[in-house]
Amino acid sequence: MSTTARPRARIAGVALAMTGALVLSACSSGGGGGPTSEEESAGPETSAAISFGDAEASTGPAEEVPDATPGGTINVLQETSPDHLDPAQIYVAHESNIARLIHRGLTYVRLDNDGDYTVVGDLATDSGTVTDGGRTWTYTLKDDIYFNDGTPITSADIRHTIERTFAPFITQGPSYIQQWLAGADAADYRELLPDGPYEGDHLPDSLLETPDERTIIFRFAEPQNDLPYALSIPGYAVVSAEGDTQQAYDQDPVTSGPYEIEDFRPGRSMTLVRNEYWQPETDPARNAYPDSYEISFGHSLEDSTARLMADNGENQYATSFNNGLDAGNGPTVMEDPELRERLIDGYQPYVGTLAINLDRVTDLRVRQAIAYAVPLNGVLNAYGGSIGGQYAGGNISPLLPGYEEDYDPWGKLANPQGDVERARELLEEADAVGYELNYIHHTAPQDQQAAVAVADALESAGFEVNRTEVPPETYYDTIGVVDNGADIYRNSWGADWLSGATVIPPQFDGRQIADGGSNYSHLNDEHVNEEIDRIRAITDPAQAAEEWTALSQYIQEEFVPFVPTFYYRQTILHGSRIGGATFNDDLGTIDMQRLYVIQD
């Protein structure tokens, strides 16, 4: 996430994303409610900047949603069950969206009734007080904030939350703050506190100080003006120092949000009920109107769409946090005015790519051949075609500052079916016809369909392709292993906040290559690493945006570590008894904090 105020994009237009839940990162962007026919061809338009909220903006209770009534149960139809409930291990969308109901952090990005977004203090009294040119940030905890076991949340819990992210068993969550504190990248940051706080060691007060039960002071060697954004990521939500069970915390966490987990059957269902210790007067962002949420897993897009279209029985009280419309039913829904009334839609910052493992595919010409051969239309068709997204020329989302609409180094936007002949020519030049590629994808129907299209095109170009399927729940754990044995694999990445700083370094900084890291192509180039450091030091957001885009294009053209496929869009259908349905730009999906049940 990036800069003290970031431009946001608001979308006018139809956005029927046939996407699943398996996308990385916390933040997304999109539009408001149901589109009109005149809006269907519109694209992103810049709106006001997000501001950092003061104490008044951070005071609860949350602004009332018009006509909202408390009570009832909302049913949530999800494709993928969460593999992680420990905040520090959460870094994918389907887990993050559930986490926002059960966990709280120092800050939160709130959507107001007027459509504005503000970084507000959540557990903290405000979004932070900054001094020393962005190097020192001070937070004060609110009164009357508790975990769901009734214990007060203190600065010791916040210290513990940060310190445990250095522990070796925390491998899946964000690492921005750890790296900023350590002044190091990748696994090197762990050297600052190798065992976390579990052997009695702590970060020095020169980095993280808790002078009393309510005060937390972060001190960085370099300015970190994005800290309030970073702290809003579910991966930095508070963890109970007293209740921390280390690895076991991942399946049975102590929670702090308006809901707690009453029952969780992995792969099947989760029941959330009210946390009696949550005080709405302390929470400026969560309305928590429903009495409970019944979340069920294993719903394909076809299944959830059919249930929501039928709008009968319990389906009237249902929605999804991540399941978009399926491709087959998309046109039917769009042609039915009554169904369109129950749609919310928007763009997301996620960019789908096919990552290429540079450790294994070492010949540039072979990687170029992959890039030319991959059919963008075959991939996007699996996710709903043109109404599910738009073809991507690079990996900078249309919602990010610095996006260049016409960037298309391999002519893929004009030729989305791919150029098999050019790919074969490159293989012949490299004496690599018959080159064997190990291809990992996951088992969701869309990804299976896309994988078939990709494999067929690569084989037509002269490759031999071995496909391996992995369950969605463990997909990123699998490709996150450095020695994963694969040559190519799908990766969908979205900015944690609207800056290339949350896109390029996590994916292409060679110093971040590690098991559990997100440099999936394993690019490690000294010039790229130096450029990342240089651009990070730029204080002008506009200049930094241009530089991140230029570096992204250099990486793409010089090394070919990935093939961009499409920019995501998302459309959520909900039942007729669901009120408050709004597309949240920052989440890239329905705003679960504003939902309520329309009572009889």
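Residues numbered from 1 in each chain as written. Predicted model: local features only at pLDDT ≥ 70, side-chain atom pairs only at ≥ 80, totals over all residues. Heavy atoms only, no water.

Visitor: Teacher, can you tell me more about unusual backbone geometry here?
Guide: Backbone torsion omega between G60 and P61 reads 0 degrees, so that peptide bond is classified as cis. Relative to the helices and strands, P61 resides in the loop between β3 (44-52) and β4 (73-77). (Helix = DSSP H or I, 4+ residues; strand = E, 2+ residues; numbered from the N terminus.)

Visitor: Just to check I follow, could you spell out the packing of aromatic side chains for this structure?
Guide: Each aromatic ring pair is specified by the distance between its two centres and by the angle formed by the two planes. Taken as a whole and assessed by the stated rule, the structure comprises 22 aromatic pairs. Ring centres of Y139 and F218 lie 6.2 Å apart, and the angle between their planes is 90 degrees; this geometry places the pair in the edge-to-face category. Of the two residues, Y139 sits in strand β8 (residues 136-140) while F218 sits in strand β10 (residues 215-219), which places them 79 residues apart along the sequence. Taking the relative accessible area as the measure of exposure, Y139 reaches 0% and is therefore buried. By relative accessible area, F218 is classed as buried at 0%. Judged by centre distance (5.8 Å) and plane angle (45 degrees), the rings of F169 and Y198 are tilted. Placement of F169 in the loop between α2 (155-164) and α3 (176-182) and of Y198 in the loop between α3 and β9 (208-212) is noted, with a sequence separation of 29 residues between them. Among the residues examined, F169 registers a relative accessible area of 15% and is labelled buried. (Phe/Tyr/Trp six-rings, centres within 6.5 Å; stacked < 30°, edge-to-face > 60°. Buried < 20%, exposed > 50% of the residue type's maximum accessible area, 1.4 Å probe, protein only.)

Visitor: Explain the pattern of salt bridges here, please?
Guide: Between side chains of opposite charge, pairing is possible as soon as their charged atoms come close. By the definition in use, this model includes 25 salt bridges. Its salt-bridge partner being D291, residue R274 comes within 3.2 Å of it at the nearest N-O pair. Of this pair, R274 sits in strand β12 (residues 269-274) while D291 sits in the loop between β12 and β13 (292-296), and the two are 17 residues apart along the sequence. Among the ionic pairs, R422 bridges to E425, the shortest N-O distance being 3.2 Å. Of the two residues, R422 and E425 both sit in helix α10 (residues 420-429), 3 residues apart, roughly one turn of that helix. Residue E425 is classed as partly exposed on the basis of its relative accessible area, which comes to 42%. (Salt bridge = Lys/Arg side-chain N within 4 Å of Asp/Glu carboxyl O.)

Visitor: Looking at this model, I keep getting lost on the packing of helix α14 (residues 526-536) against helix α15 (residues 541-559). Mind explaining?
Guide: Orientation of α14 relative to α15, taken along the N-to-C sense of each, is 170 degrees, at an axis distance of 10 Å. When the interaxial angle is binned, α14 and α15 end up roughly antiparallel. Contacts from H527, V528, E531, I532, R534, I535 and R536 of α14 reach α15 at A544, E547, W548, L551, Y554, I555 and F559. A class-by-class count of the residues in the contact of α14 with α15 yields 9 nonpolar, 1 polar and 4 charged. (Axes fitted to C-alpha atoms, helices over the stretch in contact; angles between N-to-C directions. Parallel < 35°, antiparallel > 145°, perpendicular 65-115°, else oblique. Contact = heavy atoms within 4.5 Å. Nonpolar A, V, L, I, M, F, W, Y, C, P; charged D, E, K, R; others polar.)

Visitor: Help me out: how do you make sense of the environment of E341 in this one?
Guide: Position of E341 relative to the elements: it lies in the loop between α7 (337-340) and β15 (343-356). Given the relative accessible area of 66%, E341 is considered exposed.

Visitor: Even after reading the chapter, I still don't get the sheet that holds strand β11 (residues 259-265), so can you show me in this structure?
Guide: Pairing between the strands of a sheet is mediated by backbone hydrogen bonds and can be parallel or antiparallel. An order of β11-β12-β13-β4-β14 is seen for the 5 strands of this open sheet, with the pairing classed as mixed. Edge positions in the sheet fall to β11 and β14 (318-319), since each of these pairs with one other strand and no more. Relative to β13, β12 runs antiparallel, the two being bridged by 5 bridges. In the strand pairing of β13, S269 is matched with S296. (Pairing = 2+ DSSP bridges.)

Visitor: Any chance you could explain the packing of helix α8 (residues 364-373) against α10 here in plain terms?
Guide: Axis angle and axis distance: for two packed helices, these are the angle between their axes and the distance between the axes, and together they describe the pair. Running from N to C, α8 and α10 cross one another at 170 degrees; their axes reach a closest spacing of 8 Å. Our classification of the angle between α8 and α10 gives roughly antiparallel. Along its contact with α8, which presents R365, V366, Q368, A369, Y372 and A373, the element α10 presents R422, A423, L426, L427 and E429.

Visitor: Looking at this structure, I do not really get the sheet that holds β9. What am I missing?
Guide: An order of β7-β8-β10-β9 is seen for the 4 strands of this open sheet, with the pairing classed as antiparallel. The open sheet has two free edges, formed respectively by β7 (129-131) and β9, since each of these has just one partner strand. Averaged over all neighbouring strand pairs, the angle between strand axes comes to 20 degrees, with direction disregarded. One ladder, built from 3 bridges, connects β7 with β8; its direction is antiparallel.

Visitor: Teacher, can you tell me more about the nonpolar core here?
Guide: L106, I177, F218 and L227 are the most contacted members of the largest nonpolar core, which has 62 residues in total. In terms of residues, this core owes the most to one element, α15, which gives 5 residues. Excluding residues that lie within four positions of it along the chain, L227 makes contacts with W137, Y139, I177, W180, F218 and F220. In terms of nonpolar packing, the next biggest core, distinct from the first, is built from 37 residues, Y350, A450, I488 and Y568 among them. (Core = buried A, V, L, I, M, F, W, Y, C linked by side-chain atoms within 4.5 Å.)

Visitor: Sorry if this is basic, but what is going on with the confidence of the model for the protein chain here?
Guide: Close inspection of predicted coordinates is inappropriate for parts of the model with low pLDDT. With 91% of its residues at a pLDDT of 70 or more, the protein chain shows a mean pLDDT of 89. Between residues 1-49, whose pLDDT stays under 50, and residues either more than four places distant or in other chains, the model counts 223 contacts. (pLDDT = per-residue confidence, 0-100.)

Visitor: Got a minute to help me understand the layout of surface pockets in this structure?
Guide: Think of a ball as big as a water molecule: rolled over the atoms, this probe shows where empty space is left. As a volume, the second largest pocket reaches approximately 540 Å³. T171, Q172, G173, G516 and G517 are the residues nearest the centre of the second largest pocket, which is lined by 40 residues in total. At the level of elements, α1 (93-102), α3, α12 (475-479) and α13 (504-508) are the ones that each hand at least two residues to the lining of the second largest pocket. (1 Å grid on protein atoms, 1.4 Å probe; cavity = no way out; pocket = protein on both sides within 12 Å on 5 of 7 lines; lining within 4 Å. Points joined across faces, edges and corners; volume = space filled by probe spheres on them.)

Visitor: Any chance you could explain empty space enclosed by the protein here in plain terms?
Guide: In the structure shown here, the tally under the stated rule is 13 cavities of 30 Å³ or more. Approximately 120 Å³ is the volume attributed to the largest cavity. Contributing to the lining of the largest cavity are 15 residues, with T353, V379, D447, R490 and T565 lying nearest its centre. Listing elements by their share of the lining of the largest cavity, those giving two or more residues are β15, α11 (445-461), β19 (488-493) and β20 (562-573). Partitioning the lining of the largest cavity into residue classes produces 9 nonpolar, 4 polar and 2 charged.

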